[in-house]
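Breakdown of the fold
Residue strings, one per chain:
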Amino acid sequence: MKYTALKGVHDILPPDIFIWQKVEKAVKDIFSAYGFQELRPPIIEATEIFIRSIGETTDIVEKEMYTFTDKAGRHITLRPEGTAPAVRCYIENHLYTLPPPQKFFYYGPMFRYERPQAGRFRQFFQIGAEAFGVEDPKIDSEIISMLKLFFERLGLKNLNFEVNSIGCEKCRPDYKKALLNFFSDKINGFCPDCKRRFEQNPLRILDCKVDECIQLRQRAPRVTEFLCSNCRKHFDTFLSFLKLLNIPYVINPNMVRGLDYYTRTTFEVTCEHLGSQNAVAAGGRYDKLVEDFGGPPTPAIGFAAGMERITSLLKSSGNREIPAPAVFIATIGSPAEKEGLVIASTLRGKGIWVEVGYSGHSLKSQMRKADRLSAEYVLIIGDDEINSGKLKWKRLSDRTQGEISFNEVYNFFIAPYL
Ligand code: HAM
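These lines cover the structure that appears in this document, whether it is placed above or below. Remember, predicted model here, so these are calculated numbers, not experimental data. (Residues numbered from 1 in each chain as written. Predicted model: local features only at pLDDT ≥ 70, side-chain atom pairs only at ≥ 80, totals over all residues. Heavy atoms only, no water.)

Observations concerning the site of the ligand
Close to the ligand lie 26 residues; E81, E114, E130, R257 and Y262 are nearest. Separating an oxygen atom of the ligand from a side-chain N or O atom of R112 is a distance of 2.9 Å. Here an oxygen atom of the ligand sits 3.2 Å away from a polar atom, N or O, in the main chain of G306. Taken by itself the ligand offers 660 Å² of open surface, and the protein chains cover 96% of this. For the shell around the ligand, the secondary structure elements donating two or more residues are β6 (123-132), β10 (279-285) and β11 (300-306). Looking at which element gives the most residues to the shell around the ligand, the answer is β10, with 6 residues. (Near = heavy atom within 4 Å. Polar contact = N/O pair within 3.5 Å; in protein donor to acceptor, adjacent residues only side chain to side chain. Areas by Shrake-Rupley, 256 points an atom, 1.4 Å probe, with all protein chains shown as cover. Helix = DSSP H or I, 4+ residues; strand = E, 2+ residues; numbered from the N terminus.)

And the structure:
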């Protein structure tokens, strides 16, 4: 084969696509019950917006962006995530003039030049949600409760809700100082990236995936010990709402997230069955980002869930979503074939899935095909049926059969669908 898909990207085909469609339907059902409306930002954006928001010293910006210069010399990036585009869109379209909260969800491909492995791809799909304009931790708990309901709707079990607060710009300087203090005698053991991070952004050392750095940071001070009184209160109230909503959570004080824009609440939904890439969804607050992008002060919170990880969990739990035609029309001879084509077209016009046999195939092979497709009914039409004005039907699930006149066909199949 001359051409293959690029490394780290995938075709999504039947039957897997049916699992994807099931997830997409759950998104629409559950997210709309929480008042989230769909947003469709472009896949390409100015590179600057990702550098500015995700942060210059993050893995995504340092190593993973698909960036190019277009014919006019502009710096463009295939979006590695959806929050920065959503914020750009919120400001550019003056959505801050509408009453808060403004709640949006998006769905689509993201691109990161990562080392492909199980659960980690270079093109992957995210379902994201962002809520703008509310500081009240009630909305933080509503977001987590929406995620919980969404995963429950899909039948996913054994998920852990890990939460943390990483404070605000007031708590951050003291925490940074404490980290620098703690790391100062360990710099020589760090990977080259963390040596640089120590100078530029020591918080990012907590997110490094290199084994030596993970060891060296074991006893690092925890951000929750440095929360200012407002952040402490925000976090405690958030946790009390989670209890109220019966959402089991664990506080993970080491969770700082790999993107720089976060403030206060952060969270990850993890599942052991996913192996090392175990986060199925993740997010948090980014109360300063709208302002940083030139908009009015606007607190905000959101998350993104990884489609490939969700569908892989569904597949491994034996989920199969294979749709089947309602009717297969098997015909013998040319007059019957024409009659079958007309019936098929009428039923299809009513939204009923109909498959037909094609000329040159025996009745036996058409029946085999109907079986293979798991059609609910088979209609059989030959010369005898044309002459008698009655055709045969068979229900494949229980092998019952009968006869109906041609003009009863529509009622027989269409009435149950009306
Ligand atoms: P993130 O943690 O970078 O956050 O990604 C969110 C989720 O996307 C991950 O938990 C994972 O399920 C999936 N994911 C990330 N990278 C890959 C990959 N290479 N292959 C497959 N799946 C992947 C964000 O992107 C933030 N924008 C989330 C957010 C929204 N925070 C606030 N609002």
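Read on for the rest.
Focus: the pattern of salt bridges
According to the stated counting rule, one finds 30 salt bridges in the structure shown. The partner of E45 in a salt bridge is R88, with the nearest N and O atoms 2.7 Å apart. Within this pair, whereas E45 is found in strand β2 (residues 44-46), its partner R88 is found in helix α4 (residues 83-92), the two being separated by 43 residues in sequence. Accessibility classification places E45 together with R88 in one group, the buried group. Residue R264 is joined to E135 by a salt bridge in which the shortest nitrogen-to-oxygen separation is 3.0 Å. (Salt bridge = Lys/Arg side-chain N within 4 Å of Asp/Glu carboxyl O. Buried < 20%, exposed > 50% of the residue type's maximum accessible area, 1.4 Å probe, protein only.)

A closer look at the side chain of R120
Positionally, R120 belongs in the loop between β5 (102-111) and β6. In this structure the side chain of R120 is engaged in a polar contact, spanning 3.3 Å, whose partner is the side chain of E114. Apart from residues no more than four positions distant in its own chain, R120 is found in contact with E114, R115, K209, Q277 and R309. (Contact = heavy atoms within 4.5 Å.)

As for a nonpolar patch on the surface
On the surface, a nonpolar cluster with roughly 240 Å² of combined accessible area is contributed by I43, I44 and F68. Since its relative accessible area comes to 34%, I43 is described here as partly exposed. (Patch = residues over 30% accessible without salt bridge, like charges linked within 9 Å, V, L, I, M, F, W, Y side chains within 5 Å.)

Observations regarding the sheet that holds strand β3 (residues 66-69)
Across the sheet, 3 strands lie side by side as β2-β4-β3; this open sheet has antiparallel pairing. Because the sheet does not close on itself, it has two edges, and the strands there are β2 and β3. Within this sheet the neighbouring strands show an average axis-to-axis angle of 35 degrees, counted without direction. Pairing between β2 and strand β4 (residues 75-78): 3 bridges, direction antiparallel. Within the sheet, the bridge partner assigned to A46 lies in β4 and is I76. Together, β2, β3 and β4 form the strand contacts of helix α2 (residues 47-54), whose direction differs from that of β2 by roughly 75 degrees. (Pairing = 2+ DSSP bridges. Axes fitted to C-alpha atoms, helices over the stretch in contact; angles between N-to-C directions.)

Regarding the sheet that holds β10
Read from one edge of the open sheet, 8 strands run β1-β5-β6-β11-β10-β9-β7-β8, paired in mixed fashion. Taken across any chain shown, the strands that pair with only one partner, and hence form the sheet edges, are β1 (37-38) and β8 (250-251). Two elements, strand β7 (residues 160-165) and strand β9 (residues 263-270), share 6 bridges in a ladder whose sense is antiparallel. Across the sheet, F161 pairs through a bridge with V269, a residue of β9. Running over the sheet, α4 touches β5 and β6 and is turned about 45 degrees from β6.

Here we look at the packing of aromatic side chains
Under the definition given, this model contains 23 aromatic pairs. Between F132 and Y286, the ring centres sit 6.3 Å apart and the planes meet at 80 degrees, which makes this aromatic pair edge-to-face. A residue pair is termed long-range when its members are at least 10 positions apart, and F132 in strand β6 and Y286 in the loop between β10 and α10 (289-292) qualify at 154 residues. In terms of burial, F132 and Y286 fall into one category: buried. On the basis of an interplanar angle of 35 degrees and a centroid distance of 6.4 Å, the ring pair of F235 and F238 is categorised as tilted. Note that F235 and F238 are positioned in helix α9 (residues 229-244) at a spacing of 3 residues, about one turn of the helix. Among the residues examined, F235 registers a relative accessible area of 1% and is labelled buried. The exposure class assigned to F238 is buried, which follows from its relative accessible area of 0%. Among the aromatic residues, ring-to-ring pairing joins Y90, Y96, F104, F132, Y261, Y262 and Y286 into one connected group. A cation over an aromatic ring shows up here: R122 above the ring of Y113, its NZ or CZ 3.9 Å from the ring centre. (Phe/Tyr/Trp six-rings, centres within 6.5 Å; stacked < 30°, edge-to-face > 60°. Lys NZ or Arg CZ within 6 Å of the ring centre and 35° of its normal.)

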